[in-house]
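The residues making up each chain are set out below.
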Amino acid sequence: MAFDGCFVTGTDTGVGKTLVSAALLHTLARHHRRVVGMKPVAAGLVLHSGSWVAEDALALRAASTVAVPPLLDCPVALPEPLSPHLAAARVGRRVSVAELVAAHRELCGLAEVVLIEGSGGWRVPLNECETLADLAVALARPVVLVVGLRLGCLNHALLTAEAIRADGLHLAGWVANTLDPTMACRDENIETLRQRLAAPLLGTVPWQPQGPDARGVLLELPSAWKL
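This section reports on the structure supplied with the text. (Residues numbered from 1 in each chain as written. Predicted model: local features only at pLDDT ≥ 70, side-chain atom pairs only at ≥ 80, totals over all residues. Heavy atoms only, no water.)

### With respect to the pairing of strand S10 (residues 201-205)
In this structure, strand S9 (residues 171-178) lies alongside S10, joined through 4 bridges in parallel fashion. By the bridge assignment for S10, Ala 176 is matched with Thr 204. This β-α-β element, S9 to helix H8 (residues 186-196) to S10, shows right-handed connectivity. (Pairing = 2+ DSSP bridges. Helix = DSSP H or I, 4+ residues; strand = E, 2+ residues; numbered from the N terminus. Right-handed = clockwise from strand over helix to strand, strands pointing away.)

Here's what the structure looks like:
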């Protein structure tokens, strides 16, 4: 079966999922003509060209090779930067896995490859009974884990990998993102995860003092993703 997309998750919020997702889109575009990023749920909007939009969605659109309706690549955009279930409740809305799956299905008809970026970590609640992990399971795509390199990342990364596999999904690889340029034993932490995550390291993102630049991030795709 030809590769048609992946799900990007992180060890926590603010670990660089959007940067890595955009970098993956740029890399995938070298092998596939029509690639698009999807942010199913965005919480926290900014004013851009007169409209309230999600910065994550803007970054994914800039890295995609296909322009699609905003209601497909970011079907749920919530004003406040909170957990999705709380942000949705603030505006009297309920987010469901079913509506996100429906938007993804339409996107698959417009692109060869759809990259889905999660929100926060693996088990972030969507509503009173569903989480982002339920969406990943419903979509059944290989998972890429973004590990934010900082104190505590080993435990977070190993627990997240364990949860991904417990949910029956394939951890296709992980990306180490340098969050703290002064982190003690950074390379040793990376080596520990190389030994224990049982998944390939797709790349290490260096500290970018001038701000994140997805085009400058070098990633190695699994060989099956290049076909």
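### Side note on the pairing of strand S2 (residues 35-38)
Of the two faces of S2, the one carrying Val 35 and Gly 37 and the one carrying Val 36 and Met 38 are both buried. As judged from the 4 bridges shared by S2 and strand S7 (residues 113-117), these two strands associate in the parallel manner. Residue Met 38 lies in a different strand from S7, and its bridge partner there is Ile 116. (Buried < 20%, exposed > 50% of the residue type's maximum accessible area, 1.4 Å probe, protein only.)

### Some remarks on helix H5 (residues 97-108)
Owing to its 3.6 residues per turn, the α-helix aligns residues three or four sequence positions apart on the same side. With 12 residues, H5 should reach 16 Å at 1.5 Å per residue; the first-to-last C-alpha distance of 16 Å fits that figure. Residues of H5 that are buried: Val 97, Leu 100, Val 101, Ala 103, His 104 and Leu 107. Angular distribution of buried residues about the axis of H5 spans 160°; they occupy a single face of the element. Opposite the buried face of H5, at more than 90 degrees from it, the exposed residues are Ala 98 and Arg 105. Tucked inside the fold, the buried residues of H5 contact S2, strand S3 (41-43), helix H3 (70-73), strand S6 (76-78), S7 and helix H6 (132-139). (Expected span 1.5 Å × (residues − 1). Arc of directions from axis to C-beta. Contact = heavy atoms within 4.5 Å.)

### A word on the pattern of salt bridges
Opposite charge on two side chains permits pairing when their charged atoms draw close. In the structure shown here, the tally under the stated rule is 12 salt bridges. Taking the shortest distance from any N to any O, the salt bridge between Arg 93 and Glu 99 comes out at 3.1 Å. Take Glu 99: its relative accessible area is 27%, and that puts it in the partly exposed class. Linked by salt bridges that have partners in common, Lys 39, Asp 56 and Glu 117 make up one network. (Salt bridge = Lys/Arg side-chain N within 4 Å of Asp/Glu carboxyl O.)

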